[in-house]
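Understanding the architecture of this molecule
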Amino acid sequence: MPTLEPDTFFFIGLTEFFVGGWATDNPEEYGDPDDQFTAMLEMMSEDMGAMGHTRFQAIHSTLLTSSIRCSSCGHTTDPHHSAERTLSVPLESGLSGSNLEVFVAAFLRDKISGYRCEGCQKSVNVIRDVKIASPADVISVQLKRAGWNGTVKTKVGITRVLDLTKHAVDASAQLRYELVSTVSHQGNSRFGHYIAHAVGPDGKWTEFNDEMTRKVSPKAVLMPPGFKPVLLYYKRV
């Protein structure tokens, strides 16, 4: 098959995915982003073929590495590595109104209370620093809008460019990403409606609302009237 750019994959994938429909098995929660990704991949696999299927998965894999340093004795844990297809970012109320990069930075500096140090055996509060060891070509960010007490109303400034350079293990790497598609939700954690936006090979944005599609402006993508973005896909530039 011909080589397709990541944004072309998304344009094709979101068309099939949201016209075909997808729903979570648990009506009490928003759909899990990894389940959504898997469902979209299965819908696209027949058209992509085996090679395209493999490449599609590869361009979404982000390798994260993390370690914890004890504030009492200085003991540092061995690095922990994990391959992620989605960054599930909590929407901390104290950051309300900040742009997306601030929320991602807070997510990558995970605060742990009552951590028991392997070195001094003391129970301390620590910060786990998470770095990007191997960046994905396309990175997906889930905004966790469903909390234990209902829908999280924290405001997030969605930006067309996401700069993750300061979070890279390789200090010389430039990790800048450009928004290529979004999934937005209207309603609450128990019911509602999803729409999607994706930029096509022509650079123009399309809205997918069940079987209806229409061209929209970039502003309508960042602030869809009546909807809140829950999944954001960024392509590395």
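Cut-offs used in this document
Residues numbered from 1 in each chain as written. Predicted model: local features only at pLDDT ≥ 70, side-chain atom pairs only at ≥ 80, totals over all residues. Heavy atoms only, no water. Core = buried A, V, L, I, M, F, W, Y, C linked by side-chain atoms within 4.5 Å. Buried < 20%, exposed > 50% of the residue type's maximum accessible area, 1.4 Å probe, protein only. Helix = DSSP H or I, 4+ residues; strand = E, 2+ residues; numbered from the N terminus. Salt bridge = Lys/Arg side-chain N within 4 Å of Asp/Glu carboxyl O. pLDDT = per-residue confidence, 0-100. Contact = heavy atoms within 4.5 Å. 1 Å grid on protein atoms, 1.4 Å probe; cavity = no way out; pocket = protein on both sides within 12 Å on 5 of 7 lines; lining within 4 Å. Points joined across faces, edges and corners; volume = space filled by probe spheres on them. Nonpolar A, V, L, I, M, F, W, Y, C, P; charged D, E, K, R; others polar. Pairing = 2+ DSSP bridges. Axes fitted to C-alpha atoms, helices over the stretch in contact; angles between N-to-C directions. Polar contact = N/O pair within 3.5 Å; in protein donor to acceptor, adjacent residues only side chain to side chain.

**Side note on the nonpolar core**
With 37 residues, the main nonpolar core has Leu100, Leu164, Leu232 and Tyr234 as its most contacted residues. Among the elements of the structure, strand E3 (86-90), helix H3 (100-107), strand E5 (123-134), strand E6 (138-144), strand E10 (176-187), strand E11 (192-199) and strand E14 (228-236) are those that each provide at least two residues to this core. Per-element accounting of this core gives the leading share, 5 residues, to E14. Counting 7 residues, the second largest nonpolar core, distinct from the first, contains Ile68, Tyr115, Cys117 and Val126.

**Structural notes on the pattern of salt bridges**
Side chains that differ in charge, positive against negative, can pair when their charged atoms come close. Taken as a whole and assessed by the stated rule, the structure comprises 5 salt bridges. A salt bridge links aspartate 110 to arginine 128, with the nearest nitrogen and oxygen atoms 2.5 Å apart. With aspartate 110 in strand E4 (residues 109-116) and arginine 128 in strand E5, this pair connects stretches of sequence that are 18 residues apart. Between arginine 176 and aspartate 163 there is a salt bridge, and its shortest N-O distance comes to 3.5 Å. Taken together, the residues span a long stretch of sequence, with arginine 176 in strand E10 and aspartate 163 in strand E9 (residues 161-163) at a distance of 13 residues. With relative accessibility at 35%, the residue arginine 176 sits in the partly exposed group.

**Some details on the confidence of the model for the protein**
On average, residues of the protein carry a pLDDT of 80, and 74% of them reach 70 or more. At the low end of the mean pLDDT range in the protein sits helix H1 (residues 6-20), at 51; at the high end sits E9, at 96. For the stretch residues 26-30, pLDDT sits under 50, and the model shows 14 contacts to residues farther than four places along the chain or on other chains.

**Re the layout of surface pockets**
Summary: where empty space remains is shown by rolling a probe the size of a single water molecule over the atoms. Volume-wise, the second largest pocket comes out at about 300 Å³. Together, 16 residues line the second largest pocket, and Ser66, His80, Ser82, Arg128 and Val130 are the ones closest to its centre. Of all elements in the fold, only strand E1 (62-68), strand E2 (80-84), E3 and E5 reach the threshold of two or more residues within the lining of the second largest pocket. With 5 residues, the single largest contributor to the lining of the second largest pocket is E1. Its residues placed into classes, the lining of the second largest pocket shows 4 nonpolar, 8 polar and 4 charged.

**Focus on the sheet that holds E1**
Note on sheets: strands pair through backbone hydrogen bonds, and any given pair is parallel or antiparallel. Pairing within the open sheet is antiparallel, and its 4 strands lie in the order E2-E1-E5-E4. Among the strands making up the open sheet, the edge pair consists of E2 and E4. Along the sheet, successive strands turn relative to each other by an average axial angle of 30°, direction set aside. Two strands pair when backbone bridges link them, and E1 and E2 are joined in this way by 5 bridges, in the antiparallel orientation. Bridge assignment links threonine 65 to a residue of E2, and that residue is histidine 81.

**Overview of H3**
Along H3, the residues that are buried comprise Leu100, Phe103, Val104 and Ala105. Each element contacted by the buried residues of H3 is listed here: E3, E4, E6, E9 and E14. Taking the backbone nitrogen of glutamate 101 as reference, a side-chain oxygen 3.1 Å away marks asparagine 99 as the first, capping residue of H3.

**Points about unusual backbone geometry**
Even without a glycine there, the phi angle at glutamine 121 is positive, about 65°. Along the polypeptide, glutamine 121 turns up in the loop between E4 and E5. The partly exposed category is assigned to glutamine 121, whose relative accessible area is 41%. We note that aspartate 210 has phi near 55°; this positive angle belongs to a residue other than glycine. Within the secondary structure, aspartate 210 is located in the loop between strand E12 (205-209) and strand E13 (212-216).

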